[in-house]
Amino acid sequence: SSQGDTQGVSLHTVARADRISTQRAAAMDQFGGQGGQGDEKAEQVAAMAQFTKLLESQKTIAKLTGKCFQACVPSAGKSLANAQQLCLWRCAQRYMETQYFVQRYCEDKIQAGTWSAPA
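Cut-offs applied
Going along each chain's sequence as written, the residues are numbered from 1 onward. A pLDDT threshold of at least 70 governs which residues receive local features in this predicted model, and a stricter bar of 80 or more applies before side-chain atom pairs are shown or counted, although totals over entire chains, interfaces and linings include all residues. Hydrogens are left out, water is left out, and the side-chain values use all remaining heavy atoms of the structure. Helix numbering and strand numbering both begin at the N terminus, where a helix is a DSSP run of H or I of at least 4 residues and a strand a DSSP run of E of at least 2. Type-normalised accessible area, obtained with a 1.4 Å probe on protein chains alone, sets the label of each residue: buried when under 20%, exposed when over 50%, and partly exposed for intermediate values. The contact definition used throughout considers only heavy atoms, calling two residues in contact when any of these lie within 4.5 Å. Residue exposure ignores everything except the shown protein chains as possible cover, and the areas themselves are Shrake-Rupley values with a 1.4 Å probe. Only buried residues count toward a nonpolar core, which is a set of Ala, Val, Leu, Ile, Met, Phe, Trp, Tyr and Cys residues joined through side-chain atoms within 4.5 Å. When two cysteine sulfur atoms are found within 2.5 Å, that pair is recorded as a disulfide. Residues with no salt bridge and a relative accessible area higher than 30% make up the patches, which join like charges within 9 Å and nonpolar side chains (Val, Leu, Ile, Met, Phe, Trp, Tyr) within 5 Å. We define a salt bridge as a contact between a side-chain nitrogen of Lys or Arg and a carboxyl oxygen of Asp or Glu at a distance within 4 Å. How far a helix is expected to stretch is found by multiplying one less than its residue total by 1.5 Å.

Would you mind showing me how to read the overall build of the protein chain here?
Within the protein chain, the secondary structure is distributed over three helices and zero strands. Ordered by position in the sequence, the α and β elements of the protein chain form the string α-α-α. Taking all 119 residues of the protein chain together, 21% fall into the buried category. For the protein chain, the share of sequence-separated contacts (at least 6 apart) that also reach a separation of at least 24 residues comes to 65%. Accessible surface, the protein chain: about 8,800 Å² in total, of which carbon and sulfur atoms supply 56%.

Sorry, what's going on with the nonpolar core here?
Burial of nonpolar side chains together is a common tendency in soluble globular proteins. Counting nine residues, the largest nonpolar core consists of Leu64, Cys68, Cys72, Val73, Leu88, Cys91, Ala92, Tyr95 and Met96. Every element with two or more residues in this core is listed here: α2 (38-72) and α3 (82-112). Among residues more than four places away in sequence, those in contact with Cys91 are Cys68 and Cys72.

Explain the side chain of Gln84 to me, please; I cannot follow it from the model alone.
Of note, Gln84 is situated in helix α3. Given the relative accessible area of 16%, Gln84 is considered buried. Discounting chain neighbours no more than four positions away, the residues touching Gln84 are Cys72, Val73, Pro74, Ser75 and Ser79.

Is there a simple way to explain the state of the cysteines in this structure?
Chemically, a disulfide is nothing more than a covalent bond linking the sulfur atoms of two cysteines. Enumeration over the complete set of coordinates arrives at two disulfides. The partner cysteine of Cys68 in its disulfide is Cys91, sulfur to sulfur 2.1 Å. Between Cys68 and Cys91, the disulfide has an S-S torsion of -85° and is therefore left-handed. Remark: Cys91 occurs in helix α3 and Cys68 occurs in helix α2; sequence separation between them is 23 residues. Each of the two residues, Cys68 as well as Cys91, counts as buried. One disulfide in the model links Cys72 with Cys87; its S-S distance is 2.0 Å. Disulfide Cys72-Cys87: the torsion about the S-S bond is -70°, which places it as left-handed. Here Cys72 is found in helix α2, whereas its partner Cys87 is found in helix α3, with 15 residues between them in sequence. Residue class for Cys87 comes out partly exposed when judged on its relative accessible area of 28%.

Got a minute to help me understand a nonpolar patch on the surface in this structure?
A contiguous nonpolar patch, built from Phe101, Val102, Tyr105, Ile110 and Trp115 and spanning about 550 Å² of accessible area, is present on the exposed surface. For Tyr105, the location among the structural elements is in helix α3. Tyr105 gets classed as partly exposed once you look at its relative accessible area, which sits at 43%.

How should α3 be read in this particular structure?
With 31 residues, α3 ought to run about 45 Å at 1.5 Å a step, and its terminal C-alpha atoms sit 45 Å apart, in line with that. Gln84, Leu88, Cys91, Ala92, Tyr95, Met96, Gln103 and Glu107 are the residues of α3 that are buried. Following α3 by one or two positions, Gly113 has its phi on the positive side, about 75°.

Set out below in structure tokens:
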């Protein structure tokens, strides 16, 4: 069950990174040329989107791992106690849900035109 739950977090992370990279790829495509190199540009955009997905996913996992491990495992041993495993799972869930909420909040503000940059 714990391994399946971990995969759920990873899938959520990848889905989030996929959505971000798709948005970036669409923005990059708007500025791309329409000449005979269209296929090559499309391949480059796709490769960049894939690379961006990978980077975003790795950055999120690294942040999540660092924050949650520091909060849940005061001293590392050869294995984790059940309470530590549960703490890590809950921490990862909260982290992912918060990241998703903040992202959606910012996107909604930008789309509504009510986003104001911090002074």
